[in-house]
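The primary structure of each chain is shown beneath.
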Amino acid sequence: MIIKTIQLENMRCFANQRFDLQSNFVVLQGRNGCGKTATIESLHYACYLKSFRTRSFKDLIAEGKEHCFIGVDFYQQRYALSERVSVGVQGDGKKIIK
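Quick look at a nonpolar patch on the surface now. On the surface, V26, L28, I40 and F52 cluster together to form a nonpolar patch covering roughly 330 Å² of accessible area. Here L28 lies in the loop between β2 (14-20) and α1 (36-48).

As structure tokens, this is what we get:
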């Protein structure tokens, strides 16, 4: 399965960000605090519905915001199948949208 794009809204340090990963090789590079780990954490959360950094899903929400959104587009080459996994997190819970 190939990850095509990641869309983040109010996720940790990202207000509204879209990453295009349709390359054979992807490098995350940047200064401390720019969002490298948050990007990996968002992929982990979309797959496992839990963070590897915190037990509370509320910690994913950017400071001063009430919700966050993670959207990941996948492509399965073998079956030529595209799928989108979307997870929304609010102060009172999480919602998975497929």
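With that settled, consider the layout of surface pockets. What the largest pocket holds in volume is close to 160 Å³. For the largest pocket, the full set of lining residues is I3, I6, F19, D20, L21, S23, V26, L28, T39, I40 and L43. For the lining of the largest pocket, the element with the highest residue contribution is α1, accounting for 3 residues. Taken together, the residues that form the lining of the largest pocket break down as 8 nonpolar, 2 polar and 1 charged.

We now examine the nonpolar core. Core analysis: the biggest nonpolar cluster contains 18 residues, and I6, L8, F19, Y45, I70, V72 and V89 have the highest contact counts within it. Among the secondary structure elements, those contributing two or more residues to this core are β1 (2-11), β2, α1, β3 (67-76) and β4 (81-90).

Glancing now at the confidence of the model for the chain. Counting all residues, the mean pLDDT for the chain is 89, and 94% of those residues have values of 70 or more. The spread of mean pLDDT over the elements of the chain runs between strand β5 (residues 93-97), the lowest at 67, and β2, the highest at 95.

A word on the side chain of S51. The topology assignment puts S51 in the loop between α1 and β3. Judged by its relative accessible area of 12%, S51 falls in the buried class. Separated by 2.4 Å, the side chains of S51 and E41 make a polar contact. Within the local environment of S51, its side chain forms a polar contact with the backbone nitrogen of R53, the two atoms lying 2.9 Å apart.

Over its 13 residues, α1 extends 19 Å from the first C-alpha to the last, a length consistent with the 18 Å expected when each residue adds 1.5 Å. Every buried residue of α1 is listed here: A38, T39, E41, S42, L43, Y45 and A46. Looking one or two residues past α1, L49 carries a phi angle of roughly 55 degrees, positive in sign.

Time to look at the state of the cysteines. Taken as a whole and assessed by the stated rule, the structure comprises 0 disulfides. C68 provides the cysteine sulfur closest to C47, a residue in no disulfide bond, and the two sulfurs are 15 Å apart. Left unpaired, C68 is separated from the closest cysteine sulfur, that of C13, by 12 Å. Owing to a relative accessible area of 1%, C68 belongs among the buried residues under this scheme.

What counts as what
Residues numbered from 1 in each chain as written. Predicted model: local features only at pLDDT ≥ 70, side-chain atom pairs only at ≥ 80, totals over all residues. Heavy atoms only, no water. Patch = residues over 30% accessible without salt bridge, like charges linked within 9 Å, V, L, I, M, F, W, Y side chains within 5 Å. Areas by Shrake-Rupley, 256 points an atom, 1.4 Å probe, with all protein chains shown as cover. Salt bridge = Lys/Arg side-chain N within 4 Å of Asp/Glu carboxyl O. Helix = DSSP H or I, 4+ residues; strand = E, 2+ residues; numbered from the N terminus. 1 Å grid on protein atoms, 1.4 Å probe; cavity = no way out; pocket = protein on both sides within 12 Å on 5 of 7 lines; lining within 4 Å. Points joined across faces, edges and corners; volume = space filled by probe spheres on them. Nonpolar A, V, L, I, M, F, W, Y, C, P; charged D, E, K, R; others polar. Core = buried A, V, L, I, M, F, W, Y, C linked by side-chain atoms within 4.5 Å. Buried < 20%, exposed > 50% of the residue type's maximum accessible area, 1.4 Å probe, protein only. pLDDT = per-residue confidence, 0-100. Polar contact = N/O pair within 3.5 Å; in protein donor to acceptor, adjacent residues only side chain to side chain. Expected span 1.5 Å × (residues − 1). Disulfide = S-S within 2.5 Å.

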